[in-house]
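The chain contents come next:
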Amino acid sequence: MDATPINAHSGTPGEPTPVNYLNVDYGLKSWLLTTDHKRIGILYLISITIFFALGGIFAALIRLELMTPEGDVVSSEMYNKLFTMHGVAMIFFFLIPSIPAVFGNFLIPMMIGARDVAFPRLNLMSWYIYSIGGVFTFAAMALGGVDTGWTFYAPYSSTYSNSNVALTAVGVFILGFSSILTGLNFIVTIHKMRAPGLTWFRLPLFVWAHYATSLIQILGTPVVAISIVLVALERLLKLGIFDPKLGGDPLLFQHLFWFYSHPAVYIMILPSMGVISEVIACFSRKRVFGYPFIAFSSLAIAVLGFLVWGHHMFTSGQSVYAGMIFSVLTMLVAIPSAVKVFNWTATLYKGSVSYQAPMLYALGFIGLFTIGGLTGLFLATLATDVHLHDTYFVVAHFHYIMVGGAIMGYMAAMHFWWPKMTGRLYPEGWAKFAALVIFVGFNLTFFPQFVLGYLGMPRRYHVYPPEFQVLNVMSTAGASILAVGYIIPFIYLLWSLKYGPLAGANPWQAKGLEWTTPSPPPPHNFERTPVVTEEAYAYASKPYPEEAEVV
Amino acid sequence: MEQGVPLFPEAASTMAGKVDALYFFLVAVAVFFAALIFISLTVFALKYRRRSETDVPPSIHGSTPLEIAWSVIPLGLVMIMFAWGAKLYFDEYNEVPADAEEVYVVGKQWMWHIQHTNGKREINELHVPVGRPIKLIMASEDVIHSFYIPAFRLKKDVVPGRYATIWFQATKTGRYHLFCAEYCGTGHSKMKGWVTVMEPAEYQAWLSGGVVGESMEAAGERLFNQLGCNTCHRADGTGRGPSLVGVFGKPVRLLSGETVIADEAYIRESILNPNAKIVAGYPSPTIMSTYQGQISERGILQIIAYLKSLSKEERSQ
Amino acid sequence: MSETHSVLAHQFDDLEQQFEASTLGMWAFLITEVLFFGGLFTGYAVYRSQYPLAFAEGSLHLDYRIGAINTAVLICSSLTMALAVRSAQLGRRRSLIGFLLLTMLLGSVFLGIKVFEYSHKYHEHLIPGINFVPPHEFIRFHVDPQQLYVFLSFYFAMTGMHALHMIIGVSVLAVLVVLAWRGRFSSEYYNPVEVAGLYWHFVDIVWIFLFPLLYLISRS
């Protein structure tokens, strides 16, 4: 691509704007047919934002309904559809693609000094597949919705539900391929496209985290794909697989479903952990404490993640011995998770800590992930899980991981790399304020749900006993604060696209190859292929003051 | 309804106190580690805040002893959690006391249908005596439900196509919530009711009061004859099928050479799928046809109650 | 879009890197496929252990001779595919096109036989959900028709999913034939043929498992 510099876009008056991936070409076609990993990242950013908004609206309606114990805002049918579509939109169409498809796509090639991912056209195809899956699911919602819960448990989903199960299933099935192809692309890219000198142990931890995520994507997604196909076949053709009336076994569905969907939780959280490692290092100006331990704990989580699916089934009637095995394996997941948290905390020690918005989100992540992880132990412990399973305790726990963890990481990434992606700085004051609002709103929304859960309020309840009302009102109040917290960044980030100050190549004085190229980056990322001579996060070495003492 | 905001559930079974003790242990561990992380983060973040733009902190790579410490100590703690939780789980799900009184539960969209052995029926209500072990034998007519009594810290999914059994012993009289905890469709949140724990004498009065109707055994016997089971399964063993007197709860030798215990699941399977386990000495394939579609879950439970009574009679003779 | 006519895509440094990347990519994809079919095989294993007699009876309702012919057809197609890859390596354009067409032909024969088999099942009223009437007489074991139904469900789900992969494979080969016709491949650059070959062999291997598991279990 040897286009001449285009001097049309905004910038400092008088100076020509260098060619970058945004101004190299204009028009819808140049976006819809792009194979540039950075543009594909932006395409994903736009699509997942739509689903995030949609899922958020569903969540708001759910919380509104739960303000009172009676079912006075929406009907039971509608309520059941709301929580199902909230789950489907948020999990399959927002959280799973969020960090990998947007930031992974945008950053991995730059972080490893490559011009693009290994298979750029496949990458674009992934986005189209995502969009087609999205259209199917959206159609299922528009044509009356689906009410099985995002878990699609058979035989309710395969025989009894009167909603658009098959259409949604097709949407999720198609989406799965997008996830598989993204994972495949990353694995090959990370294996084969690293710049000279960039050994595995010089890779940023963000890349390690994505490598682990990609493994899960290519190993787990096909299993849920086939399970969902079987549900659809049972519904449409009356094949006998899961419904006991047709000779099938409903627990088989749960085994197959959770074999994927438990690792899927790690698809959502691992990339966030990668983000946190980058942000903590940058805003402490220190190498991440215990780099190899964080790198390997990502792989350990990915591997253990495949061995613990049965912990969703402690009360289902699987044998008590199977329950014990799954419980002990689940306990082991706590170790790599704890190792990460301790290492991040230790990274701050003797650092030079500054509190820009990405760092606030990262610190928030560590706190909330700690609570989410520790409450996970309550559910891994057999006897307490018997009481807590399918109550609001579970709802609170996984929202601490997925919203408190994954979305905090997503927001940290958004602020950290926004200058790199757009070339503009966001308004720091507003960003700090929004981070605070989100943190407060989040805790007020979900902490009361732990209490509700131990009290015994089951999840997916449209009406509930009146003594649970006060805690539910607190939760709804928190949700409205949280909503404001998400709307503020949406506004100021858009504003910054036009009015934000120019960022320069490296506004955070961060390490990492992506910061050595201009913001926004040129179409092929680097003028020349970089050569890497030092480990990641070498904050103590040049180009900072010469008198730098190295311990 | 009581006033105020409850923050902790009532504990009304022998299991509840034990689960709560484990829960408090977990809370203590969680609070300790959360506090450790929050305090360290706050202290480090304040103490090592950036003082000048040219700060260059030391390069620290890590510390293997620390890594080992913060892997091994949590590992020890989670293993305690596991062992403690597993012990209680085993007691709760596997160790049903032999003298437990049986109650039959059928879940269907969207109600709990409950029948006591003497035939007394209730819907979305369960009356039990205090201080006596109760065993619930549960089945589902349609989708998966889950029988949940928070005050007993007890829950079990009721999966169609198989029996779920649990037991409990109430320790406090009163009325407690009964919920369906597994999402089962439109009326899921209305599939709830009350468990009433009564003094034994009061319970006996309740049990025999009102419209009782036929006992489970009697209903089972009637079905047994109505469906023609008795033409082959004759009590004296001269029929074309094995006699079912004294079979329940005993080991049965199968044609395949295996031995199985004739429990509820075995009886149910043999009614719905007679070829699955053929008794030694009888032809394979069996001449018995399936009763799938001809008998409801409740009917099967009644036949099981009848077969159980045949075993009890034999024992008392 | 500045895709040059060179066979080296812009993101790679050299042809070797490109070749390694596409081969690794295909292997990763095949691992995905293994897990995809793995879900089906797991389900099969669970039900076969629960309903051994019904599965044995069910397999007697399938014609093992047709299955054997199809196995032979597929093994031959793997051979022709391997020869196609070799022709590509040696840069022999005409024999490459010839072997690709032959592979497509054998794949189509397989699918044609499958269609014949399915239609036969339709006349026997043995297609779950669409046309199922419990057979009047069982061939060897008197089993619950519901369990036979489960076996047949797995038969159609597994062979149907396999046939879908065959159709995709034949379509991919068709694209390769066109590309080969236009002279896109040379002894330097033939990795599309190579990775398509990996895929084709994989689909073949799946059938090697399906054939005994579905057709032969009661004939041992």
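Visitor: Can you help me understand helix 6 (residues 165-192) of chain A in this one?
Guide: An α-helix turns once every 3.6 residues. As a result, residues three or four positions apart point the same way. With 28 residues, helix 6 of chain A extends 41 Å between its outermost C-alpha atoms, agreeing within 8% with the 40 Å of an ideal straight helix rising 1.5 Å per residue. Of all the 28 residues making up helix 6 of chain A, 22 are buried; the element is thus mostly covered by neighbouring parts of the structure.

Visitor: For this particular structure, what's the right way to read the packing of aromatic side chains?
Guide: Remark: the centre distance and the inter-plane angle together describe each pair of aromatic rings, the angle taken between the planes. All names here are of chain A. Scanning the entire structure with this criterion turns up 89 aromatic pairs over all chains. Relative to Trp-508, the ring of Phe-416 has its centre 6.3 Å away and its plane inclined at 15 degrees; by these criteria the two rings are stacked. Note that Phe-416 is positioned in helix 13 (residues 392-422) and Trp-508 in the segment after helix 15 (469-499), a separation of 92 residues in sequence. Both residues of the pair, Phe-416 and Trp-508, count as buried.

Visitor: Mind showing me how you'd approach the nonpolar core here?
Guide: One recurring pattern in soluble globular proteins: nonpolar side chains tend to sit buried together. In this structure, A:Phe92, A:Phe103, A:Trp417, B:Leu136, B:Phe147 and B:Phe152 are the most contacted members of the largest nonpolar core, which totals 327 residues. At 23 residues, the largest contribution of residues to this core is made by helix 8 (residues 250-284) of chain A. The residues touching A:Phe103, leaving out its near neighbours within four places in the chain, are A:Ser98, A:Ile108, A:Phe206, A:Tyr410, A:Ala413, A:Met414, A:Trp417 and A:Met421.

Visitor: What is the right way to read the packing of helix 10 (residues 320-348) of chain A against helix 11 (residues 357-380) of chain A from this model?
Guide: Geometry of a packed helix pair, given as the angle between the helix axes and the separation of the axes. Residue and element names in this part refer to chain A. For the pair helix 10 and helix 11, the least separation of the axes is 10 Å and the interaxial angle reads 155 degrees. Considering their axes alone, helix 10 and helix 11 lie roughly antiparallel with respect to each other. Between helix 10 and helix 11 lies a crossing whose hand is left-handed. For the pair helix 10 and helix 11, the contacting residues are Ser-327, Thr-330, Met-331, Ala-334, Ser-337, Val-341, Trp-344, Thr-345 and Leu-348 in the first and Met-359, Leu-363, Phe-365, Ile-366, Phe-369, Thr-370, Leu-377 and Ala-380 in the second.

Visitor: Just to check I follow, could you spell out the sheet that holds strand 10 (residues 193-198) of chain B for this structure?
Guide: Remark on secondary structure: sheet strands pair via backbone hydrogen bonds, oriented parallel or antiparallel. Residues and elements named next belong to chain B. Reading across from one edge, 4-10-9-6-7 is the order of the 5 strands in this open sheet, with mixed pairing throughout. With partners counted over all chains shown, the strands left at the sheet margins are strand 4 (125-129) and strand 7 (154-158), one partner each. Along the sheet, successive strands turn relative to each other by an average axial angle of 20 degrees, direction set aside. As defined by bridge partners, strand 4 adjoins strand 10 across 5 bridges and the pair is classed as parallel. For His-127, the partnering residue across the bridge sits in strand 10 and is Thr-196. Lying on the sheet, helix 3 (residues 200-208) is in contact with strand 4 and strand 10; it crosses strand 4 at an angle near 135 degrees.

Reading the values: the criteria
- For every chain, the first residue of the written sequence is number 1, and numbering continues from 1 onward in sequence order.
- Ligands are numbered from 1 and chains lettered from A, in the order in which they are written.
- Owing to the predicted nature of the model, reporting of local features is limited to residues with pLDDT of at least 70; listing and counting of side-chain atom pairs is limited to 80 or more, with chain, interface and lining totals taken over all residues.
- Excluding hydrogens and water, the side-chain figures rest on all heavy atoms present in the structure.
- Segments assigned H or I by DSSP are reported as helices when at least four residues long, segments assigned E as strands when at least two residues long, and all are numbered from the N terminus.
- Given the number of residues in a helix, its expected span is that number minus one, multiplied by 1.5 Å.
- Residue exposure (1.4 Å probe, protein chains only): buried if accessible area is under 20% of the type maximum, exposed if over 50%, otherwise partly exposed.
- Under the pairing criterion, centres of Phe, Tyr and Trp rings, with the six-membered ring standing for Trp, must be within 6.5 Å; the plane angle then separates stacked pairs below 30 degrees from edge-to-face pairs above 60, leaving the rest tilted.
- Working definition of a nonpolar core: buried Ala, Val, Leu, Ile, Met, Phe, Trp, Tyr and Cys residues. They are joined through side-chain atoms within 4.5 Å.
- Here a residue-residue contact requires only that any non-hydrogen atoms of the pair lie within 4.5 Å.
- To define axes, lines are fitted to C-alpha atoms, for helices over the stretch in contact only, and angles between the resulting N-to-C directions are given on a 0 to 180 degree scale.
- Roughly parallel means an angle under 35 degrees; roughly antiparallel, over 145; roughly perpendicular, 65 to 115; everything else is oblique.
- Less than a right angle of anticlockwise turn of the near helix away from the far helix marks a crossing as left-handed, whereas a clockwise turn marks it as right-handed.
- Strand pairing is assigned whenever DSSP identifies at least 2 bridges connecting the two strands.

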